[in-house]
Amino acid sequence: MGRTRTEHLGTSGLIPKIEIVDAVAGYRYTLDPERQTAVRTAVRVQLKHAAEVSIPSHPAARANTEWLGTQTIDGMITYGERNTTTFAPGTMGGNDRPMAVVDERWMSPQLGIAMIHKGSNPRSPNSTSTLKNLKFGEPDASLFRVPEGYRIVDDPAPAAR
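Residues numbered from 1 in each chain as written. Predicted model: local features only at pLDDT ≥ 70, side-chain atom pairs only at ≥ 80, totals over all residues. Heavy atoms only, no water.

Caption draft 1: Structural detail: the packing of aromatic side chains. Going through the model one piece at a time under the given rule, you end up with two aromatic pairs. Relative to Tyr-29, the ring of Tyr-27 lies with its centre 6.1 Å away and its plane at 40°, an arrangement referred to as tilted. For Tyr-29, a relative accessible area of 12% gives the class buried. Plain terms: the ring middles of Trp-67 and Tyr-79 are 5.9 Å apart, the flat faces sit at 15° to each other, and that makes the pair stacked. Residue Trp-67 is located in strand S5 (residues 61-73), and its partner Tyr-79 is located in strand S6 (residues 76-87); the two are separated by twelve residues in the primary sequence. We classify Trp-67 as exposed; its relative accessible area is 56%. With relative accessibility at 28%, the residue Tyr-79 sits in the partly exposed group. (Phe/Tyr/Trp six-rings, centres within 6.5 Å; stacked < 30°, edge-to-face > 60°. Buried < 20%, exposed > 50% of the residue type's maximum accessible area, 1.4 Å probe, protein only. Helix = DSSP H or I, 4+ residues; strand = E, 2+ residues; numbered from the N terminus.)

Structural data, given as structure tokens:
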């Protein structure tokens, strides 16, 4: 039905943030388990077919795509690509030499999503996101609702999304 739930784990293993996007109702909820609150923000989700989406390129960037082959991740066959975008000196806020930003994705053609996404950028910490413990079938509807006992707080100034 277009609903998503994302749990962002902290370094200590605790869950500092849970986000539920309910495109059907038109709201995003950011849950705070410690305070038992849910910040509600109105959202309007517009889905586009992949053929309609274009990614603008940076005029001073040179991109290179490398095929990484296939591998099985959590029972899913995936294919990997590594995109390296190199920015010329002086184009990214004063970089004095070429700066490479690397984006590696291991995509599941069956699911249409990245099973692993690695990002490397000299201006920010490296990041890795991994999709684990996949379960196929209809998820429990309660995962996409604000839990009982949580206080809902409307976001006073929702950003345009």
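Caption draft 2: Up close: the sheet that holds strand S10 (residues 151-154). Strand order in the open sheet formed by five strands is S1-S2-S3-S4-S10, and the pairing between neighbours is mixed. If you trace the sheet from one side to the other, it starts and ends with strand S1 (3-8) and S10, each paired once. The average angle at which neighbouring strand axes cross in this sheet is 20°, direction not considered. Direction of pairing for S1 relative to strand S2 (residues 17-22): antiparallel, over a ladder of six bridges. Considered in S2, the bridge of Arg-5 is made with Ile-20. (Pairing = 2+ DSSP bridges. Axes fitted to C-alpha atoms, helices over the stretch in contact; angles between N-to-C directions.)

Caption draft 3: Just the confidence of the model for the protein, in detail. Taken as a whole, the protein shows an average pLDDT of 80; of its residues, 81% reach a score of 70 or greater. Put simply, S1 is where the protein has its lowest mean pLDDT, 81, and S10 is where it has its highest, 92. Residue range residues 49-55 is modelled with pLDDT below 50. Its contacts to residues more than four positions away, or to other chains, number one contact. (pLDDT = per-residue confidence, 0-100. Contact = heavy atoms within 4.5 Å.)

Caption draft 4: Quick peek at the pairing of strand S9 (residues 124-130). Taken together, the five bridges between strand S8 (residues 113-121) and S9 define a ladder with antiparallel strand orientation. In the strand pairing of S9, Ile-116 is matched with Thr-130. Two successive antiparallel strands, S8 and S9, enclose a turn made up of two residues.

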